[in-house]
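Each chain is listed here by its residues.
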Amino acid sequence: MTPSRTPLNTPALRTRLVCALLAAASLSACAPLVLGTAVGGALVASDRRTSGAQVEDKAIELKASNRLGDAFGGRAHINVNAYNRMVLLTGEVPAEPDRLTAEQIASRVENAGTVVNQLVVATNSTLGSRSNDVLLAGKVRATLVDARDVISGAFDIVVERGEVYLMGIVSEREANRAAELTASIDGVKKVVKVFQIISEDELAKRQPKPVSSEPVSAPASPR
């Protein structure tokens, strides 16, 4: 007896396919960054946070953004970036008390650590200004990638009104070099370092070990 087959073009099947695609997309959004390799002579590496810390930071960003949106609506333009539980607030609020309120809201988010409040009292930035910030962030990233003496993947870049905020887990040497490179870019008004500084010894422990290219010989089969 031939088993019955589900028609390929039915509402039920289309619904299952859509749900499967959405589930796959949500899972990929939480996947840890993949270790990179040398590209064009520049050093490229993965994020120095653990995969768990990366997921936690995304959760902090989402919760803080939602709570700030509920509190301010369209009256303010607030961006939230979290790196290893350090929370950076950038953007504009209508009045000084709003700066403090936003900081308090962010600090009460589960697992949030230090809140670096860089909000300014001003009208919301224009679409043109935000577009320029996106382009400037691309220039900063390209500059760090091209540099041979920094690992570009160790840095998160946030740009607001031409001011560049650099985040990451880096040594003092890396922090100063990245800031120097960023400050040299046309259009950058200010560079703000929002780093977790570690020693060179700790940095060496965090560096990925090179993968051996030598072939591994198989054990001899018993006779």
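Everything numeric in this text was worked out from a predicted model, so none of it was measured.

Quick look at the sheet that holds strand S5 (residues 163-171) now. In spatial order, the strands read S4-S5-S6; together these 3 strands make up an open sheet with mixed pairing. Unpaired on one side and paired on the other, strand S4 (155-160) and strand S6 (190-198) mark the two borders of the sheet. With strand direction ignored, the average angle separating the axes of adjacent strands in the sheet is 15°. Strand direction decides the pairing type here: S4 and S5, joined by 6 bridges, are antiparallel. Looking across to S5, one finds that Asp156 is bridged to Met167. Against the sheet, helix H5 (residues 172-183) engages S4, S5 and S6, with an angle of about 155° to S5.

Here the focus is the pattern of salt bridges. Taken as a whole and assessed by the stated rule, the structure comprises 14 salt bridges. Between Arg161 and Glu92 there is a salt bridge, with the nearest N and O atoms lying 3.0 Å from each other. Linking Arg161 in the loop between S4 and S5 with Glu92 in strand S2 (residues 86-93), this pair joins segments that are 69 residues apart in sequence. With a closest N to O distance of 3.9 Å, Glu163 and Lys190 form a salt bridge. With Glu163 in strand S5 and Lys190 in strand S6, this pair connects stretches of sequence that are 27 residues apart. Overall, Glu163 belongs to the buried group, its relative accessible area being 18%. In the salt-bridge network here, residues are joined through shared partners; they are Glu92, Arg161, Glu163 and Lys190.

In terms of burial, S5 is largely enclosed, as 9 of its 9 residues are buried. Covered by surrounding structure in S5 are Glu163, Tyr165, Met167, Ile169 and Ser171 together with Val164, Leu166, Gly168 and Val170, the residues of both alternating faces. Count of turn residues in the S4/S5 antiparallel hairpin: 2 residues, of which Arg161 carries a positive phi of about 55°. Both S5 and S6 contribute to a ladder of 9 bridges, which runs parallel. Bridge pairing in S6 places Val164 opposite Val191. Running through H5, the crossover from S5 to the neighbouring parallel element S6 is right-handed.

Basis of the calculations
- Residues numbered from 1 in each chain as written.
- Predicted model: local features only at pLDDT ≥ 70, side-chain atom pairs only at ≥ 80, totals over all residues.
- Heavy atoms only, no water.
- Pairing = 2+ DSSP bridges.
- Helix = DSSP H or I, 4+ residues; strand = E, 2+ residues; numbered from the N terminus.
- Axes fitted to C-alpha atoms, helices over the stretch in contact; angles between N-to-C directions.
- Contact = heavy atoms within 4.5 Å.
- Salt bridge = Lys/Arg side-chain N within 4 Å of Asp/Glu carboxyl O.
- Buried < 20%, exposed > 50% of the residue type's maximum accessible area, 1.4 Å probe, protein only.
- Right-handed = clockwise from strand over helix to strand, strands pointing away.

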